[in-house]
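If you want the building blocks of each chain, they are given just below.
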Amino acid sequence: MVPILVIVFILVPLAELAVLIAVGDWIGLVPTLILLLAVSVVGAWLAKREGLAAWRRFQLALAEGRMPTVEVADGAMILLAGALLLTPGFLSDVIGVLLLLPPTRALARRVAPRLAEWRLRRRGGRRVVIVDGTSRPAGSTQVTWGKTEMGDRPAAAPDRDPYA
């Protein structure tokens, strides 16, 4: 975790600053600032458009009665892309624009589970299963019972459907 934080809080801003200085030397200060502002405005507009489209797909999935896993992942990536686009710097803008493109998001959706599995194996290789918000080792036969969902209802007559 510490190496990731070092990269995020020290190396990324230094890289952004180096790129800003290089672009400023190449095209000048005012064009660099205008370019940063333009990318932020266009990126915010694009993030809003893609976010609304993802929201509509999310609502459609719920209306169809299916789990909106792809839509939730897209929404999270669009939110991250919007934050990256509003952050000053060309490197974050490039990553933000890439996350707004549907083919790149599809690639990220395929890579993210593999990355998570790799990190889990690197940390000890122990498989964990999440059930009811609690983690248990894979293959565990421990069963926990919660409160009944039916509540205190009188016993149903044998000829009646208890779920009606």
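Residues numbered from 1 in each chain as written. Predicted model: local features only at pLDDT ≥ 70, side-chain atom pairs only at ≥ 80, totals over all residues. Heavy atoms only, no water.

Engineer: Just to check I follow, could you spell out a nonpolar patch on the surface for this structure?
Structural biologist: On the surface, a cluster of nonpolar side chains totalling about 980 Å² of accessible area is made up of Val2, Ile4, Leu5, Val6, Ile7, Val8, Phe9, Ile10, Leu11, Val12 and Leu14. Using a relative accessible area of 38% as the deciding quantity, one classes Leu5 as partly exposed. (Patch = residues over 30% accessible without salt bridge, like charges linked within 9 Å, V, L, I, M, F, W, Y side chains within 5 Å. Areas by Shrake-Rupley, 256 points an atom, 1.4 Å probe, with all protein chains shown as cover. Salt bridge = Lys/Arg side-chain N within 4 Å of Asp/Glu carboxyl O. Buried < 20%, exposed > 50% of the residue type's maximum accessible area, 1.4 Å probe, protein only.)

Engineer: I'm lost on the side chain of Glu16 in this one. Help?
Structural biologist: Looking at the secondary structure, you find Glu16 in helix H1 (residues 2-27). Arg105 provides the closest opposite charge to the buried, unpaired Glu16, separated from it by 19 Å. (Helix = DSSP H or I, 4+ residues; strand = E, 2+ residues; numbered from the N terminus. Lys, Arg positive; Asp, Glu negative; His and termini not counted.)

Engineer: Explanation requested: the environment of Ala15 in the structure shown.
Structural biologist: Secondary-structure assignment places Ala15 in helix H1. According to the relative accessible area criterion, Ala15 is partly exposed, its value standing at 31%. In this structure the C-alpha to C-alpha distance between Ala15 and Gly89, which are 74 residues apart in sequence, comes to 9.1 Å.

Engineer: Is there a simple way to explain helix H2 (residues 29-64) in this structure?
Structural biologist: Spacing of three or four residues puts side chains on the same side of an α-helix, whose turn is 3.6 residues. Between its terminal C-alpha atoms H2 stretches 52 Å, which fits the 52 Å expected from 36 residues at 1.5 Å a residue. Listed as buried for H2 are Thr32, Leu36, Ser40, Gly43, Leu46, Ala47, Glu50, Ala53, Ala54 and Ala61. Looking one or two residues past H2, Gly65 carries a phi angle of roughly 80°, positive in sign. (Expected span 1.5 Å × (residues − 1).)

Engineer: It is not clear to me how the packing of aromatic side chains should be interpreted in this structure. Could you clarify?
Structural biologist: The full count for this structure, using the stated rule, is one aromatic pair. On the basis of an interplanar angle of 20° and a centroid distance of 5.4 Å, the ring pair of Trp55 and Phe58 is categorised as stacked. With a gap of three residues between them, Trp55 and Phe58 both fall in helix H2, about one helical turn apart. A residue is classified by how much of its surface remains accessible, and Trp55, at 47% relative accessible area, is partly exposed. On the basis of relative accessible area, Phe58 is assigned to the partly exposed category, the value being 21%. (Phe/Tyr/Trp six-rings, centres within 6.5 Å; stacked < 30°, edge-to-face > 60°.)

Engineer: Mind showing me how you'd approach the environment of Ala73 here?
Structural biologist: Here Ala73 is to be found in helix H3 (residues 69-86). Residue classification places Ala73 among the partly exposed residues on the basis of a relative accessible area of 25%.

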